[in-house]
Amino acid sequence: MKTTTGLVCALGLLLSLITTGCERKESPTTAPATQAAAVDTGGQTLCPVGGDKIDPAVFIEYKGKKVYFCCEGCDKIFEKNPEKYVKKLPQFGGKEEPGEGGMGM
Ligand SMILES: [Zn+2]
């Protein structure tokens, strides 16, 4: 019985060591990375409004096609003036460009 207790003790210590090591490595604030590559976005990678990388969870349907955005709020801006942004969308035959705002050329 003495041996078993010692083994369990050693295992527990080992486990806690491993766990501590893991927690240090991974930042707990980082959300699980969404695999954008696995989602069919029609070739779209950039938000037409914000110019940032799209979030596959944020999209609307426009003329039967999905339009993706970097964050909520950009979709509202798009809906106000979609024609301005569709030319940046590959799924509408457009060409992606970096965002127009705040680059300060
Ligand atoms: Zn956005």
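Refer to the preceding data block for the structure.
Basis of the calculations
- Residues numbered from 1 in each chain as written.
- Predicted model: local features only at pLDDT ≥ 70, side-chain atom pairs only at ≥ 80, totals over all residues.
- Core = buried A, V, L, I, M, F, W, Y, C linked by C-beta atoms within 7 Å.
- Buried ≥ 20, exposed ≤ 12 C-beta atoms within 10 Å, placed from the backbone.
- Helix = DSSP H or I, 4+ residues; strand = E, 2+ residues; numbered from the N terminus.
- Contact = placed C-beta atoms within 7 Å.

Enquirer: Hey, could you run me through the nonpolar core in this one?
Expert: The nonpolar side chains of a soluble globular protein tend to be buried, and buried together. The biggest cluster of nonpolar side chains holds 11 residues, and these are Leu46, Cys47, Val49, Ile54, Val67, Tyr68, Phe69, Cys74, Phe78, Tyr85 and Leu89. Counting only elements with at least two residues in this core, the list comes to β2 (65–69) and α2 (74–80). For this core, the element with the highest residue contribution is β2, accounting for three residues. Not counting residues up to four positions away in its chain, the partners in contact with Tyr85 are Pro48, Val49 and Phe78.

Enquirer: Would you explain the environment of Leu89 in this entry?
Expert: Structurally, Leu89 can be placed in the segment after α3 (82–86). For Leu89, a count of 24 C-beta atoms within 10 Å corresponds to the buried category. Through-space distance from the C-alpha of Leu89 to that of Gln44 is 6.4 Å; in sequence the pair is 45 residues apart. Ignoring any residue separated from it by four or fewer positions in sequence, one finds Leu89 in contact with Gln44, Pro48, Val67 and Gly94.

Enquirer: What is the right way to look at unusual backbone geometry in this model?
Expert: Even without glycine at this site, Lys63 takes up a positive phi of about 50°. Looking at the secondary structure, you find Lys63 in the loop between β1 (55–62) and β2. The exposure class assigned to Lys63 is exposed, which follows from the 9 C-beta atoms found within 10 Å.

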